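Here is how the chains run, residue by residue.
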Amino acid sequence: QVQFVESGGGLVQPGGSLRLSCASSSFNFLWDTVSWYHQAPARERDVVATIFRQGAPSLVMYADSVKGRFTISRDHVKNTVNLEMNNLKPEDSGAYYCNMNPPLGDWGQGTQVTVSS
């Protein structure tokens, strides 16, 4: 069973930054495509950033709403997928989850991001 553990969320002012991290005890992130998903209150879960498997033609992809502000990366040693979030906006608030793309197995608990002054 694939499991994901997200961390790094918190409360930040508009324009601030956060770094989210996703770990898995049962999956090697190097060999598949992984995404960060954002779920705002009363909204569907949307993909905001994707890092493709090793050797894929494209390495990363971003939703238009976060291009230039978010950066997804992979740490091969720690087996984590990270999301650097800069210039945060109130509409970035919500729960953030990581999973394969397309999603597989159970979703983790997510990590909450609140952007507010």
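That block above? That's the structure.
Overview of the structure. Treat the numbers as computed from the prediction; the structure is a model and nothing was measured. (Residues numbered from 1 in each chain as written. Predicted model: local features only at pLDDT ≥ 70, side-chain atom pairs only at ≥ 80, totals over all residues. Heavy atoms only, no water.)

**With respect to the overall build of the protein**
And step 1. Secondary structure summary: the protein contains zero helices and 10 strands in total.
And step 2. Counted from the first residue to the last, the protein has its helices and strands arranged as β-β-β-β-β-β-β-β-β-β.
And step 3. For the protein, the C-alpha radius of gyration of 13 Å lies close to 13 Å, the compact-globule estimate for 117 residues.
And step 4. Seen along its three principal axes, the alpha-carbon backbone of the protein occupies a region of about 40 × 30 × 25 Å.
And step 5. Taken across its 117 residues, the protein has 44% of its residues classed as buried.
And step 6. When the accessible area of the protein is evaluated, it comes to approximately 6400 Å², of which 50% is carbon and sulfur surface. (Helix = DSSP H or I, 4+ residues; strand = E, 2+ residues; numbered from the N terminus. Rg over C-alpha atoms; globule rule 2.2 N^0.38 Å. Buried < 20%, exposed > 50% of the residue type's maximum accessible area, 1.4 Å probe, protein only. Areas by Shrake-Rupley, 256 points an atom, 1.4 Å probe, with all protein chains shown as cover.)

**Notes on the pairing of strand β4 (residues 34-39)**
And step 1. Of all six residues in β4, five are buried, a share of seventy percent or more.
And step 2. Note that β4 and strand β5 (residues 45-51) share six bridges and pair antiparallel. Note on β5: the bridge partner recorded for W36 is A49.
And step 3. Where β4 folds back on β5, the antiparallel hairpin that results is connected by five residues, among which A42 adopts a positive phi of roughly 65°.
And step 4. Two elements, β4 and strand β9 (residues 94-100), share six bridges in a ladder whose sense is antiparallel. Counterpart to V34 in the pairing with β9 is M100. (Pairing = 2+ DSSP bridges.)

**Comments concerning the nonpolar core**
And step 1. Ranked by internal contacts, the top residues of the largest apolar core, which has 25 residues, are W36, I72, L83, M85 and Y96.
And step 2. Breaking this core down by element, the ones donating at least two residues are β3 (18-23), β4, β5, β7 (70-75), β8 (80-85), β9 and β10 (111-115).
And step 3. For L83, the residues in contact, after removing those within four places along its chain, are L18, R19, L20, W36, V48, A49, F70, T71, I72 and Y96. (Core = buried A, V, L, I, M, F, W, Y, C linked by side-chain atoms within 4.5 Å. Contact = heavy atoms within 4.5 Å.)

**Regarding the packing of aromatic side chains**
Aromatic ring pairs are defined here through the distance separating the ring centres and the angle between the ring planes.
And step 1. The final tally for this structure, using the stated rule, is four aromatic pairs.
And step 2. Ring centres of Y97 and W107 lie 5.9 Å apart, and the angle between their planes is 80°; this geometry places the pair in the edge-to-face category. With a gap of 10 residues between them, Y97 in strand β9 and W107 in the loop between β9 and β10 connect regions that are remote in the sequence.
And step 3. A residue is classified by how much of its surface remains accessible, and W107, at 31% relative accessible area, is partly exposed. (Phe/Tyr/Trp six-rings, centres within 6.5 Å; stacked < 30°, edge-to-face > 60°.)

**A word on the state of the cysteines**
And step 1. Enumeration according to the criterion identifies one disulfide in this entry.
And step 2. What pairs with C22 in a disulfide is C98, and their sulfur atoms sit 1.8 Å apart. Residues C22 and C98 share a disulfide whose torsion about the S-S bond is about 60°; that sign makes it right-handed. In this pair, C22 is assigned in strand β3 and C98 in strand β9, connecting sequence segments 76 residues apart.
And step 3. What makes C22 buried here is its relative accessible area of 0%.
And step 4. Under the relative-accessibility criterion, C98 is labelled buried at 0%. (Disulfide = S-S within 2.5 Å.)

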